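# Structure assessment
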Amino acid sequence: MNKYDSNKIISYLLKSSKNYILVNSLLKSNIIILNTCSVRQKAQDKLFNYLNKIKNIKINNPNLILLVGGCVATQEKEKLFLKFKYIDIIFGPQNIKDIFFLINDFIKYKKKIIKIDFNNKINKDINFFLKDKNYINNTYVTIMEGCNKFCSYCIVPYTRGKQISRDPMSIISEICYLSNKGISEVNLLGQNVTAYSSFLSNGKKCNFSYLLNLISEIDGIKRIRFITSHPNDFTKDIISCYKNNNKIMDFLHLPVQSGSDRILKIMKRNYTINFYKKIIYKLLCIRPKMIFSSDFIIGFPTESDYDFRLTLDLINDVKFDNSYAFLYSPRKGTKSYDMKNDISLLKKKNRLYMVQDLLYKNSIYWNKKILNSKQEILVEGLTKKNDFYYGRCSNNKIIYLKKKKHINLIGKIIKVNILYEKNNFLYGKFNYNI
Ligand code: SAH
Ligand code: SF4
């Protein structure tokens, strides 16, 4: 979402005035905008290290304007000004459209500015990105923002604010625009996309499954993905979409966080592993080839060896592919912040390695499953050395193809034969003659 927001910032500024250009060097720039994440302490530390690193650039260039936005800005507010005196403007995740005016005010009045609002009319925004080169790889479209769930460890509801869904027509307009630019795959984005809830212009309710079906009516859109879903909102009608809508891909990222019901309860996730597994099984009945990935928090306060074992068992059962596993990071202001955590760092790290090792094995397992098969991929780009194309199968596996001179496959959906696997990379062959 931050990547999407950063692109939105670039687009708005370039569109607001011809005086803005994007430069590729800090030394050449006279405005620096840092868009930040605070979901874990590490992300926040990254910002602080970066601010220390650019201190001299700012001091040596008195005309340089430094902005800090995003979730760390919401969380730290004025404290950021005290800690880093050379920051000029602080803005919240929902104040992207204000940046142009904030910069103008700063130039005019030479006074530090802080602007953090929630629910700032994002629902009617249409985000038309200007930079052509972004189109192929950047097909993300925000459909909702914020979260009402308040899991005990999570800072997101405090930094991103209450859940707000975008107007369905503004989403459809944005996707039609992308489709006219040649985009054939969209990735719908939100903290909990499955909780999407809005209204059509005729007053009828539009939930996530309705939105999925609306989007699939756009001819040029051939593939639909979304991230992130919440198990509690993964209702029957969404499951049915997998039956009736073949534009939805054979892949689902469904964060579970832990394999232990006891830990899930303390996390305030409000589901059990049995409930979670039922969703997976129902989907597998409809789409036997579907692959799942998830998020795991390792070393949550009171996580015992037994709780952890249950997480490993779940990873083994569902055979999660390519998932995200991180150590628990206490976030100030959340319910679990003050919980005593007496698991040693060494033990937590060992658990994390075990999870990552198992996930790696699962990934190899899924790679092997599609060896020698024919798969449809959307070619997304070229590797750095320009010698291989890469593209994604319906199940999200990435396939590499040797490039042939003068033939541009980027943006095309093609059929490839999966030939071999090496170091967790899959290689395929495309018949360039047809
Ligand atoms: N809304 C989604 C996830 C969005 S946050 C869901 O609940 O399913 C993305 C991920 O960050 C979470 O799934 C969780 O695994 C991780 N995360 C959030 N807070 C964290 C914390 N305090 N420590 C470690 N990981 C955290
Ligand atoms: Fe955070 Fe997701 Fe829980 Fe919301 S549902 S509080 S975003 S982990």
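Just above sits the structure.
This section reports on the structure supplied with the text. (Residues numbered from 1 in each chain as written. Chains lettered and ligands numbered in written order. Predicted model: local features only at pLDDT ≥ 70, side-chain atom pairs only at ≥ 80, totals over all residues. Heavy atoms only, no water.)

## Some words on the overall build of the protein
Across its full length, the protein holds 14 helices and 20 strands. A compact globule built from 434 residues would reach a C-alpha radius of gyration of about 22 Å, and the protein, at 23 Å, matches this within 12%. Oriented by its inertia axes, the alpha-carbon framework of the protein measures out at about 65 × 60 × 50 Å. Within the protein, buried positions represent 53% of all 434 residues. Accessible surface, the protein: about 21,800 Å² in total, of which carbon and sulfur atoms supply 53%. (Helix = DSSP H or I, 4+ residues; strand = E, 2+ residues; numbered from the N terminus. Rg over C-alpha atoms; globule rule 2.2 N^0.38 Å. Buried < 20%, exposed > 50% of the residue type's maximum accessible area, 1.4 Å probe, protein only. Areas by Shrake-Rupley, 256 points an atom, 1.4 Å probe, with all protein chains shown as cover.)

## Some remarks on the side chain of Ser 165
Mapped onto the elements, Ser 165 comes out in strand S7 (residues 164-165). Look at Ser 165 and you get buried, because its relative accessible area is 11%. Within the structure, Ser 165 has its side chain in polar contact with the backbone nitrogen of Ser 197 (distance 3.0 Å). (Polar contact = N/O pair within 3.5 Å; in protein donor to acceptor, adjacent residues only side chain to side chain.)

## Considering the packing of helix H10 (residues 236-244) against helix H12 (residues 273-286)
Between H10 and H12, the shortest axis-to-axis distance is 9 Å and the interhelical angle comes to 20°. As summarised for this structure, H10 and H12 are arranged roughly parallel, according to the angle between their axes. Relative to H12, H10 is oriented so that their crossing is right-handed. Of the residues in H12, those touching H10 at Ile 239, Tyr 242 and Lys 243 are Ile 279, Lys 282, Leu 283 and Ile 286. The class makeup of the residues in the contact of H10 with H12 is five nonpolar, no polar and two charged. (Axes fitted to C-alpha atoms, helices over the stretch in contact; angles between N-to-C directions. Parallel < 35°, antiparallel > 145°, perpendicular 65-115°, else oblique. Left-handed = near helix turned anticlockwise from the far one by under 90°. Contact = heavy atoms within 4.5 Å. Nonpolar A, V, L, I, M, F, W, Y, C, P; charged D, E, K, R; others polar.)

## Digging into the layout of surface pockets
In this structure, the second largest pocket occupies an estimated 910 Å³ of space. Together, 29 residues line the second largest pocket, and Ile 21, Leu 22, Ile 31, Ile 32 and Ile 33 are the ones closest to its centre. Every element with two or more residues in the lining of the second largest pocket is listed here: helix H1 (2-16), strand S1 (31-36) and helix H6 (99-109). Ranked by residues supplied to the lining of the second largest pocket, first place goes to H1 with seven residues. (1 Å grid on protein atoms, 1.4 Å probe; cavity = no way out; pocket = protein on both sides within 12 Å on 5 of 7 lines; lining within 4 Å. Points joined across faces, edges and corners; volume = space filled by probe spheres on them.)

## Section: the sheet that holds strand S16 (residues 374-382)
Two pairing modes exist for strands in a sheet, parallel and antiparallel, and in both the strands are linked by backbone hydrogen bonds. With mixed pairing, five strands are arranged side by side around a closed barrel as S16-S17-S18-S20-S19. Averaged over all pairs of adjacent strands, the angle between strand axes in this sheet comes to 55°, irrespective of strand direction. Pairing analysis gives five bridges linking strand S17 (residues 388-393) to strand S18 (residues 398-402), with the strands arranged antiparallel. Paired with Arg 392 across the bridge in S18 is Ile 398. (Pairing = 2+ DSSP bridges.)

## So, the site of ligand 1
Surrounding ligand 1, one finds 17 residues, the nearest of these being Gln 191, Gln 257, Arg 269, Asp 295 and Ser 329. About the coverage of ligand 1: the protein hides 90% of its 550 Å² of free accessible area. A breakdown of the residues in the shell around ligand 1 according to their chemical character gives six nonpolar, seven polar and four charged. (Near = heavy atom within 4 Å.)

## Quick word on the pattern of salt bridges
Evaluation of the coordinates by the stated rule reveals 19 salt bridges. Measuring nitrogen to oxygen at the nearest pair gives 3.1 Å for the salt bridge that ties Asp 5 to Arg 160. Pair noted here: Asp 5 is in helix H1 and Arg 160 is in the loop between helix H7 (156-159) and S7, with a separation of 155 residues, a long-range link. The exposure classification of Asp 5 matches that of Arg 160, with both residues buried. The partner of Lys 397 in a salt bridge is Asp 321, and the shortest N-O contact between them spans 3.1 Å. In this pair, Lys 397 is assigned in the loop between S17 and S18 and Asp 321 in the loop between helix H13 (305-318) and strand S15 (324-327), connecting sequence segments 76 residues apart. The pair Lys 397 / Asp 321 is uniform in exposure class, with both members buried. (Salt bridge = Lys/Arg side-chain N within 4 Å of Asp/Glu carboxyl O.)

## Overview of the nonpolar core
With 64 residues, the main nonpolar core has Leu 188, Ile 215, Phe 226, Phe 234 and Phe 320 as its most contacted residues. Residues within four places of Phe 234 in sequence aside, it is in contact with Thr 194, Phe 226, Ser 229, Ile 239, Tyr 242, Leu 252, Leu 254, Ile 279 and Leu 283. (Core = buried A, V, L, I, M, F, W, Y, C linked by side-chain atoms within 4.5 Å.)

## Details of the side chain of Thr 228
With respect to the helices, strands and loops of the structure, Thr 228 is situated in the loop between strand S11 (223-227) and H10. Its relative accessible area of 18% is what places Thr 228 among the buried residues. Excluding its chain neighbours within four sequence positions, the residues that come into contact with Thr 228 are Gly 190, Gln 191, Asn 192, Val 193, Thr 194, His 253 and Pro 255.

## Overview of a positive patch on the surface
Taken together, the side chains of Lys 77, Lys 79, Lys 83 and Lys 332 define a basic patch exposed on the protein surface. For Lys 79, a relative accessible area of 49% translates into the label partly exposed. (Patch = residues over 30% accessible without salt bridge, like charges linked within 9 Å, V, L, I, M, F, W, Y side chains within 5 Å. Lys, Arg positive; Asp, Glu negative; His and termini not counted. Charge placed at Lys NZ, Arg CZ, Asp CG, Glu CD.)

## Describing the environment of Ile 21
Positionally, Ile 21 belongs in the loop between H1 and S1. Taking C-alpha positions, Ile 21 is 48 Å from Val 318, a pair spaced 297 residues apart along the chain.

## What about the sheet that holds strand S4 (residues 113-115)?
Here we have four strands laid out as an open sheet, ordered S1-S2-S3-S4, and parallel in their pairing. Each edge of the open sheet carries a strand with a single partner, namely S1 and S4. This sheet shows a mean twist of 10° between the axes of neighbouring strands, independent of strand direction. Judged from the three bridges that link them, strand S2 (residues 65-70) and strand S3 (residues 89-91) form a sheet pairing that is parallel. Across the sheet, the residue bridging to Val 68 is Ile 90, located in S3. Together, S1 and S2 form the strand contacts of helix H2 (residues 41-53), whose direction differs from that of S1 by roughly 165°.

## Quick look at the packing of helix H9 (residues 208-216) against H10
H10 packs onto H9 with a crossing angle of 25° between their chain directions and a minimal axis gap of 8 Å. The pairing of H9 with H10 is recorded here as roughly parallel in orientation. Of H10, the residues touching H9 (which contributes Phe 208, Ser 209, Leu 212 and Asn 213) are Asp 237, Ile 238 and Cys 241. Looking at the contact of H9 with H10 residue by residue, the class counts come to four nonpolar, two polar and one charged.

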